[in-house]
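# Coordinate analysis (summary)
These are the residues of each chain, in order.
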Amino acid sequence: MRPGPAATSSARWPDRFRLTGPSCLPDPRTHAYRRDIADVGLAGALFAPHYARAVDCRVESDQVMLRGDPSDDARATSQLLRGESFALLDLSGDWAWGRCLHDDYVGYLPRAALAAMPAPDHRVTAMLAPVFARPDIKAPVVATWPISARFEAKREGDFLACGAGYVHVRHAQPISATAADPVGVAEGLLGLPYLWGGRGAGGIDCSGLVQIALGFAGVAAPRDSDQQRESLGAALAPEAPLRRGDLIFFPGHVGMMADEATLLHATALWMAVVREPLADVVARLAPDLPEPIVARRRLA
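Now for a quick tour of the structure. (Residues numbered from 1 in each chain as written. Predicted model: local features only at pLDDT ≥ 70, side-chain atom pairs only at ≥ 80, totals over all residues. Heavy atoms only, no water.)

### A closer look at the side chain of R82
Note the cut-off: Secondary structure is summarised from DSSP: a helix means a run of H or I of at least four residues, a strand means a run of E of at least two, and numbering begins at the N terminus for each. Relative accessible area decides the class of each residue, using a 1.4 Å probe on protein chains only: under 20% of the type maximum gives buried, over 50% gives exposed, and in between gives partly exposed. The charge count treats Lys and Arg as positive and Asp and Glu as negative. His and the chain ends do not count. Note on definitions: salt bridges are taken to be side-chain nitrogens of Lys or Arg within 4 Å of carboxyl oxygens of Asp or Glu. Two N or O atoms form a polar contact when they lie within 3.5 Å of each other; inside protein one atom must be a possible hydrogen donor and the other a possible acceptor, and for residues adjacent in sequence the pair counts only when both atoms belong to side chains. Here, two residues are considered to be in contact whenever any of their heavy atoms come within 4.5 Å of each other.
Note on placement: R82 falls in the loop between β5 (76-81) and β6 (85-92). In this structure, R82 is buried with no salt-bridge partner, the nearest side chain bearing the opposite charge being D62 at 4.0 Å. Within polar-contact distance, the side chain of R82 engages the backbone oxygen of E60 at 2.9 Å. What R82 contacts, discounting residues up to four positions off in sequence, is V59, E60, S61, D62, M117, W145, A149 and R150.

Right, dumping it as structure tokens:
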């Protein structure tokens with residue numbers, strides 16, 4: 001079933017709202033408002049001609065790019081993967097507008113990418129998981145799903161049976177399972193191409209790598225590196241020794257320490273997820289940036 005005008009939310013809302021102070025414009029990346037409409041959750045803080053209640057949908061496509069405007073030519077801002085949730089606020093032609101439920105990131109995606117789907121209970125752990133037509137590794141591959149794609153499945157021997165086919169158990173795990181080492185998750189993506197806005201399907205960007213890796217460890221991370229710098233972990237003193245898992249922030253960039261001296265990051269310079277000495281990264285940036293590292297943070 002496709003989401004449409006008849007779709008409703010079970011939440012109950014008051015019929016009237018009152019603005020109790022000045023209307024302020026919050027961060028548009030994570031607060032859904034336009035000149036003509038706003039998320040009803042912003043009522044009372046932000047004036048809008050119309051407020052909309054979100055309808056929860058899921059991404060039916062293997063992946064879809066979230067965009068800043070309703071156009072295939074618009075700049076991609078993030079990426080949603082199969083089975084992830086999207087709070088739909090408005091439909092216009094072929095485009096849906098709303099926010100991603102895992103990080104509240106706001107944008108547009110093609111209406112056809114959304115559907116009402118069963119709640120997923122598994123997610124892909126491999127960089128790319130083949131979906132077989134039968135529970136047999138020699139069977140035809142009917143699809144390939146990227147890391148963190150979500151689906152409903154039932155185990156049958158060495159396979160997980162789902163609506164699209166069969167995923168090998170070594171390529172996925174229950175969503176409830178958590179990884180003890182998020183850096184290990186990121187290391188599994190070494191060599192994945194760099195893709196602006198990507199979160200693993202066909203490529204990934206620096207903050208997407210951190211978000212996905214921490215997500216597998218049960219840590220919800222915001223989408224962009226500046227948001228991550230402001231909300232993740234605790235600041236480290238400049239003289240504190242680094243260790244595996246520490247986050248290193250540069251202007252507009254973030255990486256994870258693989259050990260006390262090695263940075264793991266998705267970088268446009270090499271157009272891939274790579275490991276390289278942190279000292280080399282700092283030396284490369286130093287001619288243009290007096291202080292290449294703007295923050296060092298450690299998760300609890």
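### A closer look at helix α2 (residues 206-216)
Among the 11 residues of α2, 10 are classified as buried, and the element is accordingly described as predominantly covered. The first or second residue beyond α2 is G218, which carries a positive phi of 85°.

### Remarks on the pattern of salt bridges
The full count for this structure, using the stated rule, is 14 salt bridges. In this structure, R244 and E187 form a salt bridge, with 2.9 Å as the shortest nitrogen-oxygen distance. Here R244 is found in the loop between β18 (234-235) and β19 (247-250), whereas its partner E187 is found in helix α1 (residues 182-187), with 57 residues between them in sequence. Under the relative-accessibility criterion, R244 is labelled partly exposed at 36%. What you see here is one network of salt bridges that share partners, running through D27, R29, D224 and D226.

### Considerations on the nonpolar core
Going by this rule: Side-chain atoms within 4.5 Å link the members of a nonpolar core, which is a set of buried Ala, Val, Leu, Ile, Met, Phe, Trp, Tyr and Cys residues.
If you look at the biggest cluster of nonpolar residues, it comprises 28 residues, and the most contacted ones within it are I204, L209, V210, M256 and V273. For M256, the residues in contact, after removing those within four places along its chain, are P182, V183, A186, V210, A213, L214, D246, L247, T262, L263 and L264. Listed in part, the 14 residues of the second largest apolar core include F86, A96, C100 and Y105.

### Structural notes on the sheet that holds strand β20 (residues 253-257)
Test applied: Between any two strands, at least two bridges found by DSSP are needed for them to pair. With axes taken as lines fitted to C-alpha atoms, and helix axes fitted only over the stretch in contact, angles between N-to-C directions fall between 0 and 180 degrees.
The strand order β18-β23-β19-β20-β21-β22 describes an open sheet built from six strands, whose pairing is antiparallel. Whereas interior strands pair on both sides, the edge strands pair on one side only; in this sheet they are β18 and β22 (272-277). Its contacts with the sheet put α2 on β19, β20, β21 (262-267) and β22, and the angle it makes with β20 is roughly 45°. Lying on the sheet, helix α4 (residues 278-285) is in contact with β19, β20, β21 and β22; it crosses β22 at an angle near 100°.

### A look at the state of the cysteines
When the sulfur atoms of two cysteines share a covalent bond, that bond is a disulfide. The test is simple: Any two cysteine sulfur atoms lying within 2.5 Å of each other are counted as a disulfide.
Here the structure, examined in full by the defined rule, presents zero disulfides. Unpaired in this structure, C57 has its nearest cysteine sulfur neighbour in C100, at a distance of 12 Å.

### Side note on the sheet that holds strand β14 (residues 154-156)
The strand order across the open sheet formed by five strands is β12-β11-β16-β15-β14, and the pairing between neighbours is antiparallel. What marks the edges here is a single partner per strand, and that holds for β12 (141-146) and β14. The mean inter-strand angle of the sheet, taken between neighbouring strand axes irrespective of direction, is 35°. As judged from the three bridges shared by β14 and strand β15 (residues 159-162), these two strands associate in the antiparallel manner. Across the sheet, the residue bridging to E156 is F159, located in β15.

### Some points on the environment of A153
Take A153: it is sitting in the loop between β13 (150-151) and β14. Separated by 80 residues in sequence, A153 and G233 place their C-alpha atoms 34 Å apart. Discounting chain neighbours no more than four positions away, the residues touching A153 are D121, H122, L160, A161 and C162.

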